[in-house]
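So the chains spell out like this:
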Amino acid sequence: MTESEIIRGCKNQNRSAQKALYDRFSPVMFGVCKRYCKSREDAEDVLVNGLFKAIDNIHQYSGQGSFEGWIRRIVVNEALMFLRKRQKITVEIEDYHMEVPKGNIVDELAAQDILDLLEELPIGYRTIFNMYVLDGMKHREIAEVLGISINTSKSQLILARKRMQALLIKKAYPGVEGRQKRL
Amino acid sequence: MNNQDKLSAVFKKNQHKLNERPSLKAWNKLERKLDQKSSRPKRAPFSIYSILAMAAAVVGLIFFVTTMVNVTKDRAYQKAVVIREATSTEERFRTQQILAEQAFREKYQTKLYRTVEEGAADKLLMVNKPVRVFLVPRRG
């Protein structure tokens, strides 16, 4: 089934089109949800609610821009709503001049490595890092969605990157190749 | 490429590794939600009765608000009025004048008689309708 057939079918509430949309987009969107939520169960709940909203509001998709991007935005919003309900997204106040150890960053990261690294960041850093670096949102949008200033969003991103870089280097992160060698 | 850019690039490059098919339970949950939505009765379009009911409610609300505003105004007026005895001669004279005016109004105006104002000296008073004209004493 092509993307336009899926969209047309979902607009007519055709169950096989809805299933096709789920089959096509759920793996990517589940990856997005896992980045924002700490547990797989929470990520699945967010995914289900996000995809339900996407299917329910599919008539609002104008056809301009990527369909996957439109779904991703809905799923990210759902994840942020979930985080807000569960715990307040707080911004960290930290010294800008935090020392970052020198060293190289590996090229490859395994899925679990990404999740483990994100897990080590405080919730504010992790959310902004996810939104900006991995979901391609602008600081203006992040500020609007999280109810913070653009400058706070920028500063949080700088600190999140520094913290992530420090984590990678400090732990002498071996990457996938290193792990394989050790095994 | 500095380390900051490299960091972003590494995450972007590897994020697809997180893609994974969710459990079967996820589709079952979603399907259940979709079923519930489709079995929910659709809201009927507005009927004439609902429009009339809404109009009646609006009129009722306006009546209630107006009444409440008047009651509040009356209460405020009553609170603002202070009743005391007339003390000076001037006050007593004025009080009598007011009472006389009130008595005059009660006697003549409530019977729907209208007083005829004096016009200019060079004009004639004409009555163009077959009405009875009563002479009443001058006010004051």
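Residues numbered from 1 in each chain as written. Chains lettered and ligands numbered in written order. Predicted model: local features only at pLDDT ≥ 70, side-chain atom pairs only at ≥ 80, totals over all residues.

Grouped together as the largest cluster of nonpolar side chains are 27 residues, with contacts concentrated most on Met29(A), Cys33(A), Leu47(A), Leu51(A) and Val75(A). Sorting the residues of this core by element identifies helix H1 (3–11), helix H2 (15–36), helix H3 (40–56) and helix H4 (67–86) of chain A as the ones contributing at least two each. Among all residues touching Leu47(A), those that are not within four sequence positions of it are Ser26(A), Met29(A), Phe30(A), Cys33(A), Val75(A), Pro22(B) and Ala26(B). Among the nonpolar cores identified, the runner-up in size contains 19 residues, and Tyr125(A), Phe129(A), Leu146(A) and Leu159(A) belong to it. (Core = buried A, V, L, I, M, F, W, Y, C linked by C-beta atoms within 7 Å. Buried ≥ 20, exposed ≤ 12 C-beta atoms within 10 Å, placed from the backbone. Helix = DSSP H or I, 4+ residues; strand = E, 2+ residues; numbered from the N terminus. Contact = placed C-beta atoms within 7 Å.)

A few words now on the confidence of the model for chain A. In this model, chain A carries an average pLDDT of 83, and 81% of its residues clear a pLDDT of 70 or more. Of the regions scoring below 50 in pLDDT, residues 175–183 of chain A engages in eight contacts with residues more than four places distant in sequence or in other chains. (pLDDT = per-residue confidence, 0-100.)

Time to look at the confidence of the model for chain B. All names here are of chain B. Summing up the model confidence of chain B, the mean pLDDT is 77 and the portion of residues at 70 or higher is 66%. Mean pLDDT in chain B bottoms out at helix H1 (residues 3–14), which sits at 78, and peaks at helix H2 (residues 24–39), which reaches 87. Overall fold confidence (pTM) sits at 0.62, and the ipTM for the predicted complex is 0.76.

So, on to the packing of H2(A) against H4(A). Residues and elements named next belong to chain A. Direction vectors running N to C along H2 and H4 enclose 30°, while the axes themselves pass 10 Å from each other. Where H2 crosses over H4, the two elements pack in a sense that is right-handed. Contact with H2, carried on its side by Phe25, Met29, Val32, Cys33 and Tyr36, involves Glu68, Ile71, Arg72, Val75, Val76, Ala79 and Leu83 of H4 and no other residues of that element. Its residues assigned to classes, the contact of H2 with H4 comprises ten nonpolar, no polar and two charged. (Axes fitted to C-alpha atoms, helices over the stretch in contact; angles between N-to-C directions. Left-handed = near helix turned anticlockwise from the far one by under 90°. Nonpolar A, V, L, I, M, F, W, Y, C, P; charged D, E, K, R; others polar.)

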